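Tertiary structure, described
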Amino acid sequence: MTRLLLRGFEIRKGYLDNAVQSRLIDALRPLLKSAPLFRPVTPSGKVMSVRMTSAGDLGWVMDKAGYRYQGQHPGGMNWPKIPELVLAIWQDLVSPERAPDCCLINYYGKDAKMGLHQDKDEADFSWPVLSVSLGDDALFRIGNTTRGGKTESIWLNSGDVVIMGGPARLTYHGVDRIRPGSSRLLPKGGRINLTMRVAT
Ligand code: SIN
Ligand code: MN
């Protein structure tokens, strides 16, 4: 396992072995049944290419009214619990004392991408955002703490974990594209990204 620092983001390459990655996918399967992925629409009316859902006390949603954390899935049901195996990653890399309120689950099909953005809807930026990559490789772009300027990119592979915290907590980041077919973890291909956050 190698540990890289890129623009203040700590990248743990190969943090999760293949067996744990498969167990994580098994743990996510029932959760995706009870809180199905939905395709968010931005406040300006743009349909996102990434599909998303959440687990935890709060889920992150985006719609015409804006971006926010809320207690229910857009379908009206409560979000499922964050699986223990997912929480274990947070406990190991962030804190055993406080659990994340939200685990956002993003699914990238072959043409999906995510523009540069900051994670800034949380109340307390002293907690990092912990991001887990599963499935196909993703070209992850890291910018600056303000919009614009030079950026650097790195391929994230299945099993990599990124810790976005400290002075880099509000650094812009996004995913330019995935490399379809680069992983066999997900039977139908694509990429799942989990981001755990303390929201309140
Ligand atoms: C995100 O910033 O919400 C997702 C990042 C990723 O997919 O790696
Ligand atoms: Mn983000």
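Please refer to the structure placed before this passage.
Residues numbered from 1 in each chain as written. Chains lettered and ligands numbered in written order. Predicted model: local features only at pLDDT ≥ 70, side-chain atom pairs only at ≥ 80, totals over all residues. Heavy atoms only, no water.

From N to C terminus, the protein includes two helices and 13 strands. Scaling as 2.2 N^0.38, a compact globule of 200 residues should have a C-alpha radius of gyration of about 16 Å, and the protein matches this with 16 Å. In terms of overall dimensions, the protein has C-alpha extents of about 40 × 40 × 40 Å along its principal axes. For the protein, with 200 residues in total, the buried portion stands at 52%. Summed over its atoms, the accessible surface of the protein is roughly 9,600 Å², and 52% of this surface lies on carbon and sulfur atoms. (Helix = DSSP H or I, 4+ residues; strand = E, 2+ residues; numbered from the N terminus. Rg over C-alpha atoms; globule rule 2.2 N^0.38 Å. Buried < 20%, exposed > 50% of the residue type's maximum accessible area, 1.4 Å probe, protein only. Areas by Shrake-Rupley, 256 points an atom, 1.4 Å probe, with all protein chains shown as cover.)

It is worth spelling out the layout of surface pockets at this point. As a volume, the largest pocket reaches approximately 750 Å³. Together, 37 residues line the largest pocket, and Met48, Met62, Met114, Gly115 and His117 are the ones closest to its centre. Within the residue set of the lining of the largest pocket, elements represented by two or more residues are β4 (59–63), β5 (66–70), β6 (102–108), β7 (114–117), β12 (173–179) and β13 (191–197). When its residues are assigned to classes, the lining of the largest pocket shows 16 nonpolar, twelve polar and nine charged. Quantified by volume, the second largest pocket comes out at close to 380 Å³. In this structure, the second largest pocket is lined by 13 residues; those nearest its centre are Leu32, Tyr107, Leu186, Pro187 and Lys188. No other element matches helix α1 (residues 18–34), which puts five residues into the lining of the second largest pocket. A class-by-class count of the residues in the lining of the second largest pocket yields eight nonpolar, one polar and four charged. (1 Å grid on protein atoms, 1.4 Å probe; cavity = no way out; pocket = protein on both sides within 12 Å on 5 of 7 lines; lining within 4 Å. Points joined across faces, edges and corners; volume = space filled by probe spheres on them. Nonpolar A, V, L, I, M, F, W, Y, C, P; charged D, E, K, R; others polar.)

What follows is about the site of ligand 1. Taken together, Asn106, Tyr108, Met114, His117, Phe140, His173, Val175, Arg191, Asn193 and Arg197 make up the full set of residues near ligand 1. One nitrogen or oxygen atom from the side chain of Tyr108 is found 2.5 Å from an oxygen atom belonging to ligand 1. Taking His173, its side chain carries an N or O atom lying 3.0 Å from an oxygen atom of ligand 1. When isolated, ligand 1 has an accessible area of 260 Å², and the protein chains bury 99% of it. (Near = heavy atom within 4 Å. Polar contact = N/O pair within 3.5 Å; in protein donor to acceptor, adjacent residues only side chain to side chain.)

Between its first and last C-alpha, α1 extends 25 Å over 17 residues, near the 24 Å set by a 1.5 Å rise per residue. When the local axis directions of α1 are compared, the greatest deviation, roughly 25°, occurs at Leu28, which is followed within four positions by the proline Pro30. All of the buried residues in α1 are Gln21, Leu24, Ile25, Leu28 and Leu31. Where α1 is buried, its residues contact β3 (51–56), α2 (84–93), β6, β8 (129–135) and β13. With a side-chain oxygen positioned 3.1 Å from the backbone nitrogen of Ala19, the residue opening α1 is Asp17. (Expected span 1.5 Å × (residues − 1). Bend = angle between axes of the 7 residues up to and from the residue. Contact = heavy atoms within 4.5 Å.)

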